[in-house]
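Reading the structure
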Amino acid sequence: MKEVIAVIRMNMMNKTKKALQDAGVVAFFAHEAFGRGKGLVDVKPLEGARKGIEEAVAVLGEKGKLYPKRMLTVVVTDDLVSEVVKVVTDVNRTGQPGDGKIFVLPMVDAVRVRTGEKGAKSIE
(Lines give C-alpha, C1' and ligand atoms only; values in the text may rest on other atoms or scores of the structure.)
Protein backbone atom coordinates (compact mmCIF):
# COMPACT_ATOMS: atom_id res chain seq x y z
CA MET A 1 0.00 0.00 0.00
CA LYS A 2 1.02 3.57 -0.62
CA GLU A 3 -0.13 6.98 0.54
CA VAL A 4 -0.37 9.52 -2.26
CA ILE A 5 -0.44 13.14 -1.09
CA ALA A 6 -1.30 15.76 -3.69
CA VAL A 7 -1.15 19.50 -3.10
CA ILE A 8 -3.24 21.27 -5.73
CA ARG A 9 -4.85 24.61 -6.50
CA MET A 10 -8.12 25.21 -4.66
CA ASN A 11 -10.03 25.80 -7.89
CA MET A 12 -8.99 22.36 -9.22
CA MET A 13 -10.53 20.37 -6.38
CA ASN A 14 -13.84 19.49 -8.06
CA LYS A 15 -12.19 18.47 -11.34
CA THR A 16 -9.67 16.34 -9.46
CA LYS A 17 -12.35 14.71 -7.33
CA LYS A 18 -14.40 13.82 -10.41
CA ALA A 19 -11.37 12.47 -12.28
CA LEU A 20 -10.40 10.27 -9.33
CA GLN A 21 -13.95 8.97 -9.04
CA ASP A 22 -14.04 8.26 -12.80
CA ALA A 23 -10.80 6.28 -12.35
CA GLY A 24 -12.41 4.21 -9.61
CA VAL A 25 -10.75 5.93 -6.66
CA VAL A 26 -13.65 7.06 -4.51
CA ALA A 27 -12.08 7.10 -1.04
CA PHE A 28 -9.76 9.96 -0.15
CA PHE A 29 -9.33 12.86 2.25
CA ALA A 30 -9.28 16.54 1.34
CA HIS A 31 -7.72 19.12 3.62
CA GLU A 32 -7.41 22.88 3.52
CA ALA A 33 -3.74 23.80 3.35
CA PHE A 34 -1.52 26.85 3.01
CA GLY A 35 1.92 26.82 1.46
CA ARG A 36 4.25 28.17 -1.12
CA GLY A 37 6.78 26.91 -3.57
CA LYS A 38 9.94 28.50 -4.79
CA GLY A 39 8.34 29.56 -8.06
CA LEU A 40 6.55 32.70 -9.13
CA VAL A 41 3.43 34.15 -7.54
CA ASP A 42 0.06 32.89 -8.78
CA VAL A 43 -1.57 35.57 -10.92
CA LYS A 44 -5.13 34.66 -9.86
CA PRO A 45 -4.97 36.66 -6.60
CA LEU A 46 -3.60 39.62 -8.54
CA GLU A 47 -6.57 39.49 -10.91
CA GLY A 48 -8.97 39.14 -7.99
CA ALA A 49 -7.37 42.07 -6.18
CA ARG A 50 -7.81 44.25 -9.25
CA LYS A 51 -11.52 43.37 -9.18
CA GLY A 52 -11.71 44.30 -5.48
CA ILE A 53 -12.23 40.78 -4.09
CA GLU A 54 -11.20 41.00 -0.43
CA GLU A 55 -9.99 37.39 -0.20
CA ALA A 56 -7.61 37.98 -3.10
CA VAL A 57 -6.29 41.17 -1.51
CA ALA A 58 -5.70 39.26 1.75
CA VAL A 59 -3.40 36.66 0.14
CA LEU A 60 -1.25 39.29 -1.53
CA GLY A 61 1.55 40.74 0.45
CA GLU A 62 5.18 40.32 1.28
CA LYS A 63 7.35 37.70 -0.37
CA GLY A 64 6.94 34.44 1.44
CA LYS A 65 3.20 34.73 1.96
CA LEU A 66 1.42 31.39 2.24
CA TYR A 67 -1.20 30.65 -0.39
CA PRO A 68 -4.39 28.61 0.02
CA LYS A 69 -4.24 25.11 -1.47
CA ARG A 70 -6.02 21.79 -1.17
CA MET A 71 -4.20 18.70 0.02
CA LEU A 72 -5.58 15.32 -1.02
CA THR A 73 -4.56 12.13 0.74
CA VAL A 74 -5.29 8.84 -1.01
CA VAL A 75 -4.29 5.40 0.29
CA VAL A 76 -4.23 2.80 -2.48
CA THR A 77 -2.74 -0.58 -3.28
CA ASP A 78 0.62 -0.48 -5.05
CA ASP A 79 -0.92 -1.31 -8.43
CA LEU A 80 -3.07 1.86 -8.37
CA VAL A 81 -0.34 4.37 -7.47
CA SER A 82 0.69 5.18 -11.05
CA GLU A 83 -2.96 5.64 -12.09
CA VAL A 84 -3.66 8.04 -9.20
CA VAL A 85 -0.50 10.03 -9.96
CA LYS A 86 -1.39 10.18 -13.67
CA VAL A 87 -4.98 11.30 -13.02
CA VAL A 88 -3.96 14.04 -10.58
CA THR A 89 -1.15 15.21 -12.87
CA ASP A 90 -3.32 15.24 -16.01
CA VAL A 91 -6.11 17.23 -14.35
CA ASN A 92 -3.91 19.77 -12.58
CA ARG A 93 -1.16 20.50 -15.10
CA THR A 94 -1.56 23.98 -16.55
CA GLY A 95 2.12 24.58 -17.19
CA GLN A 96 2.12 27.49 -14.76
CA PRO A 97 3.93 27.76 -11.40
CA GLY A 98 1.68 26.58 -8.58
CA ASP A 99 0.23 23.53 -10.34
CA GLY A 100 1.10 21.48 -7.26
CA LYS A 101 3.15 18.58 -5.98
CA ILE A 102 2.53 14.87 -5.51
CA PHE A 103 4.27 12.81 -2.85
CA VAL A 104 4.16 9.00 -2.66
CA LEU A 105 4.93 7.38 0.69
CA PRO A 106 4.95 3.78 1.88
CA MET A 107 1.97 2.83 4.02
CA VAL A 108 2.88 0.25 6.64
CA ASP A 109 -0.66 -0.79 7.51
CA ALA A 110 -4.29 0.29 7.61
CA VAL A 111 -7.20 -0.92 9.74
CA ARG A 112 -10.90 -0.53 9.05
CA VAL A 113 -12.28 0.36 12.47
CA ARG A 114 -15.78 -1.01 11.83
CA THR A 115 -14.66 -4.55 10.88
CA GLY A 116 -11.08 -4.82 12.08
CA GLU A 117 -9.89 -5.69 8.55
CA LYS A 118 -6.21 -4.92 8.02
CA GLY A 119 -3.95 -4.13 5.10
CA ALA A 120 -5.29 -3.96 1.54
CA LYS A 121 -8.66 -5.42 2.60
CA SER A 122 -9.25 -2.36 4.78
CA ILE A 123 -9.07 0.02 1.81
CA GLU A 124 -10.96 -2.03 -0.79
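Structure: see above.
This structure is a prediction, so every number in the text was calculated from the model and none was measured.

Analysis parameters
- Residues numbered from 1 in each chain as written.
- Predicted model: local features only at pLDDT ≥ 70, side-chain atom pairs only at ≥ 80, totals over all residues.
- Heavy atoms only, no water.
- Helix = DSSP H or I, 4+ residues; strand = E, 2+ residues; numbered from the N terminus.
- Expected span 1.5 Å × (residues − 1).
- Buried < 20%, exposed > 50% of the residue type's maximum accessible area, 1.4 Å probe, protein only.
- Arc of directions from axis to C-beta.
- Contact = heavy atoms within 4.5 Å.
- Salt bridge = Lys/Arg side-chain N within 4 Å of Asp/Glu carboxyl O.
- Pairing = 2+ DSSP bridges.
- Axes fitted to C-alpha atoms, helices over the stretch in contact; angles between N-to-C directions.

**A closer look at helix α4 (residues 81-92)**
With twelve residues, α4 should reach 16 Å at 1.5 Å per residue; the first-to-last C-alpha distance of 17 Å fits that figure. Looking at α4, one finds that the buried residues are Val81, Val84, Val87, Val88 and Asn92. Along the axis of α4, the buried positions cluster into a sector of 135°, meaning they face one direction only. Elements that come into contact with the buried residues of α4 comprise β1 (2-9), α1 (13-22), β3 (67-76) and β4 (101-106).

**Here's the deal with the pattern of salt bridges**
Using the criterion set out here, one finds five salt bridges in the structure. As a salt-bridge pair, Lys2 and Asp78 come within 3.4 Å of each other at their nearest N and O atoms. One end of the pair, Lys2, is in strand β1; the other, Asp78, is in the loop between β3 and α4, and 76 residues separate them in sequence. Looking at Lys2, the relative accessible area reads 26%, which means it is partly exposed. When its relative accessible area of 47% is taken as the criterion, Asp78 is described as partly exposed. Between Glu117 and Arg112 there is a salt bridge, with the nearest N and O atoms lying 2.5 Å from each other. According to the relative accessible area criterion, Glu117 is partly exposed, its value standing at 28%. What makes Arg112 partly exposed here is its relative accessible area of 22%.

**Side note on the pairing of β1**
Put simply, side chains in a regular strand alternate between the two faces of the sheet. Within β1, six of the eight residues are buried, which leaves the element mostly enclosed by the surrounding structure. Pairing of β1 with β4, which is carried by six bridges, proceeds in the antiparallel orientation. Looking at β4, one finds that Val4 is bridged to Val104.

**With respect to the sheet that holds β1**
A sheet is described by the order of its strands in space; here four strands give the open sequence β2-β3-β1-β4, paired in antiparallel fashion. Edge positions in the open sheet fall to β2 (29-35) and β4, since each of these has one partner strand only. Each neighbouring strand pair of the sheet contributes to a mean axis angle of 25°, computed without reference to strand direction. Where β1 lies against β3, eight bridges are found, and the strand directions are antiparallel. From the neighbouring strand, Ala6 faces β3, where its bridge partner is Leu72. Packing against the sheet, α1 makes contact with β1, β2 and β3, and its axis sits at approximately 10° to β3.

Read these as layout, nothing more, since geometry by itself doesn't imply function.
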